[in-house]
Amino acid sequence: MLFNSLQFLLFFIAVTSLYFALPHKKRWLLLLLASCWFYIAFIPVYIFILLFTIAIDYIAGIAIEKNSGRKRKMFLIASIVANIGVLVFFKYFNFFSLNAGVLLSQFGLSNDMPVLKIILPIGLSFHTFQALSYTIEVYRGNQKAEKHVGIFALYVLFYPQLVAGPIERPQNMLHQFREVHDFDRQRFRNGILMMSWGILKKVVIADHLALFVDPVYLHPALYSSSEIILATFFFAFQIYFDFSAYSEIAFGAAYLMGFSLMENFRTPYFSKSVSEFWKRWHISLSTWFRDYLYFPLGGNRVSRMRVYVNLMIVFLVSGLWHGAQWGFVIWGGLHGAYLVFAQLRDRLFPKAPSLPVVLQVIIVFLLSWFAWIFFRAGSLSATKSIFKGIMQGSWSIPHFNLAEIIFCFLLIVLISAKEYYYNVYQLTVKRNFFPKIIALAVLIYFFGVFTENQFIYFQF
């Protein structure tokens, strides 16, 4: 069920109305059933995968809390193996099988591993990481094991952020499902405005940009160098507006019912360094890797060379988390290399003069723009075609609709500037709510692309 669909609108109205109509003690059950319905709207049978991991992690959490020493660690390992095992099977089995075949063929050997005809369960990487954070935090003693199986299942399945995050920690979410949330007009208005802002970014900007990006990356040989470069420039904003739109719709849908999700984006393209970029981009994922992979590897508390290795491991794994294609791995590796280079530069030239802020922002954007080529192309063959198209040196005027290009540029500038000066996660609509919501509705109605395009991060 897509946020940008009529089906979701009807679902949202029904669930929210029932939520405030029901007594507090029955609301968790409503949200759990609604979240299951939301998920089975994609591929019904895959709900059993979530129920399997929920059962494993629920039992593991209680066992971890009750036991000590080696037994405690064994239950944590069982939870990690179960969750990662499901993720590897559905997302990476064919990737490893095909690459193993290529490697073995170099030595004249055959690969007997089959290629499975399976569809990746939607949002699997997101709810796997959210479930893992629960058992890890229980093991660390930062979270009490959840005894109510329904509340725990709701923590994993909560529909606003089930498919594409943000990836929440149990300390932030579990207690909220027990709190009494009375209807609050101000909070309701803020939530509706936040959702509308997200819908605007998705259907008016991201889906408009997709009209330029998708054809170019599908058939790069048909386009000039300038068109491919422009399409890649647009993709940098398409993926930002698409993914941040989902996060804001999720935040708004949860907020108007009284729940608070974490901020997931903070104007990343205004970053003055790659390090700052990752403090502003997909914050829930970057902090997850920081807390559960980078710090356990030693973080900054080890030798300088080990720090560089740790950074590369984290970003290579982050790239692989996004998808079972080498383009994602290279994308992650590039960002890791950017950070290593920045640390080496600061270490070797500590007194080097700083560049003007505007130039720093431009450089960081160009670095991310270059990395997005590998991310969007995905496969190595597709990436090769894109670079071949760029290097062919045909600098003709783009044949795209000029009016739509100008329209997209203006919206990118205006909305980016608004978000830079005003944090949309801190909405306070004290007045003029109806003029604002009507203005957003008019923009969405007249300029939206209503093809119900799937959110980009649904594939992860």
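Above this note sits the structure.
Not measured: the values here are computed from a predicted model. (Residues numbered from 1 in each chain as written. Predicted model: local features only at pLDDT ≥ 70, side-chain atom pairs only at ≥ 80, totals over all residues. Heavy atoms only, no water.)

Engineer: Lay out helix α2 (residues 24–40) in plain terms, naming residues and giving numbers.
Structural biologist: Because an α-helix completes one turn every 3.6 residues, residues spaced three or four positions apart along the sequence face the same direction. The terminal C-alpha atoms of α2, which comprises 17 residues, lie 25 Å apart, in line with the 24 Å expected from a rise of 1.5 Å per residue. The complete set of buried residues in α2 reads R27, L30, L31, L32, A34, S35, C36, F38 and Y39. The secondary structure elements touched by the buried residues of α2 are α1 (6–21), α3 (47–66), α5 (124–140) and α6 (149–157). (Helix = DSSP H or I, 4+ residues; strand = E, 2+ residues; numbered from the N terminus. Expected span 1.5 Å × (residues − 1). Buried < 20%, exposed > 50% of the residue type's maximum accessible area, 1.4 Å probe, protein only. Contact = heavy atoms within 4.5 Å.)

Engineer: Could you give me a rundown of the environment of A439, with the residues and numbers involved?
Structural biologist: Tracing the chain through its elements places A439 in helix α17 (residues 433–447). We classify A439 as partly exposed; its relative accessible area is 39%. Sequence separation between A439 and Q454 is 15 residues, and the spatial gap between their C-alpha atoms is 25 Å.

Engineer: So what about unusual backbone geometry? Which residues, and what values?
Structural biologist: A positive phi is found at T267, a non-glycine position, where the angle reads about 40 degrees. The backbone of H282 sits at a positive phi, close to 40 degrees, despite the residue not being glycine. Here H282 lies in the loop between α10 (274–280) and α11 (283–294). Exposure remark for H282: the relative accessible area of 1% places this residue in the buried category.

Engineer: Tell me about the nonpolar core, and name the residues and values.
Structural biologist: One finds L157, F158, Y159, Y269, W281 and W372 to be the most contacted residues of the largest nonpolar core, which totals 138 residues. Examining the composition of this core, we find that 18 residues originate from one element, helix α9 (residues 225–255), more than from any other. Among residues more than four places away in sequence, those in contact with Y159 are F8, F11, F12, V15, S35, F38, Y246, A253 and M257. (Core = buried A, V, L, I, M, F, W, Y, C linked by side-chain atoms within 4.5 Å.)

Engineer: Could you give me a rundown of the packing of aromatic side chains, with the residues and numbers involved?
Structural biologist: With the rule as written, the count across this model stands at 64 aromatic pairs. Look at Y240 and F265: their rings are 5.9 Å apart centre to centre, the planes differ by 75 degrees, and that puts the pair in the edge-to-face class. Here Y240, found in helix α9, pairs with F265, found in the loop between α9 and α10; they are 25 residues apart in sequence, far enough to count as distant. Since its relative accessible area comes to 3%, F265 is described here as buried. We note R72 situated over the ring of Y139; from NZ or CZ to the ring centre the distance is 4.7 Å. (Phe/Tyr/Trp six-rings, centres within 6.5 Å; stacked < 30°, edge-to-face > 60°. Lys NZ or Arg CZ within 6 Å of the ring centre and 35° of its normal.)

Engineer: Tell me about a nonpolar patch on the surface, and name the residues and values.
Structural biologist: Side chains of F434, I438, V442, L443, Y445, F446 and F447 sit close together on the surface and give an oily, nonpolar patch of about 740 Å² of accessible area. Mapped onto the secondary structure, V442 falls in helix α17. (Patch = residues over 30% accessible without salt bridge, like charges linked within 9 Å, V, L, I, M, F, W, Y side chains within 5 Å. Areas by Shrake-Rupley, 256 points an atom, 1.4 Å probe, with all protein chains shown as cover. Salt bridge = Lys/Arg side-chain N within 4 Å of Asp/Glu carboxyl O.)

Engineer: Tell me what's going on with the side chain of H181, and back it up with residues and numbers.
Structural biologist: Assignment of secondary structure puts H181 in the loop between α7 (170–173) and α8 (185–218). When its relative accessible area of 5% is taken as the criterion, H181 is described as buried. Engagement of the side chain of H181 in a polar contact is seen with the backbone oxygen of M257, the distance being 3.3 Å. Non-local contacts of H181, meaning those with residues more than four positions away in its chain, are made with Y19, F20, R27, Q176, R187, M257, G258 and F259. (Polar contact = N/O pair within 3.5 Å; in protein donor to acceptor, adjacent residues only side chain to side chain.)

Engineer: Account for the packing of helix α13 (residues 326–348) against helix α14 (residues 357–377), with residues named and values stated.
Structural biologist: Relative to each other, α13 and α14 sit at 160 degrees, their axes nearing to 7 Å. By the angle between their axes, α13 is roughly antiparallel relative to α14. Contacts between α13 and α14 involve G327, F328, I330, W331, L334, H335 and Y338 from the first element and L367, S368, F370, A371, W372, F374 and F375 from the second. Looking at side-chain class alone, the contact of α13 with α14 contains 11 nonpolar, 3 polar and no charged residues. (Axes fitted to C-alpha atoms, helices over the stretch in contact; angles between N-to-C directions. Parallel < 35°, antiparallel > 145°, perpendicular 65-115°, else oblique. Nonpolar A, V, L, I, M, F, W, Y, C, P; charged D, E, K, R; others polar.)

Engineer: Tell me about the environment of L32, and please be specific about residues and values.
Structural biologist: Relative to the assigned elements, L32 resides in helix α2. For L32, a relative accessible area of 12% puts it in the buried group. Sequence spacing of L32 and F158 is 126 residues, and the spatial spacing of their C-alpha atoms is 6.9 Å. Those residues in contact with L32, other than ones at most four positions away along the chain, are G150, A153, L154 and L157.

Engineer: Tell me about α6, and name the residues and values.
Structural biologist: Among the 9 residues that make up α6, 8 are buried, leaving the element largely enclosed by the rest of the structure. All buried positions along α6 are accounted for by G150, I151, F152, A153, L154, Y155, V156 and L157. Turning to α6, the residues buried within the fold contact α2, α3, α5 and α7.

Engineer: An account of the packing of α9 against helix α16 (residues 402–421) is needed here, citing residue identities and associated values.
Structural biologist: The geometry of α9 relative to α16 is characterised by a closest axis approach of 12 Å and an angle of 50 degrees between their N-to-C directions. Between α9 and α16, the interaxial angle falls into the category oblique. Classified by chirality, the crossing of α16 by α9 is left-handed. Between α9 and α16, the residues in contact are L230, F233, F234, F237, Y240, F241 and E248 and I405, F409, I412, I415, S416 and E419, respectively. Partitioning the contact of α9 with α16 into residue classes produces 10 nonpolar, 1 polar and 2 charged. (Left-handed = near helix turned anticlockwise from the far one by under 90°.)

Engineer: Describe the pattern of salt bridges, naming the residues involved and giving the relevant values.
Structural biologist: As enumerated under the stated definition, the model contains 12 salt bridges in all. The salt bridge involving R169 is made with D291; its shortest N-O contact spans 3.0 Å. Residue R169 is found in the loop between α6 and α7, and its partner D291 is found in helix α11; the two are separated by 122 residues along the sequence. For the pair R169 and D291, one class covers both residues: buried. A cluster of three or more residues bridged by salt bridges with shared partners is formed by R169, R290 and D291.

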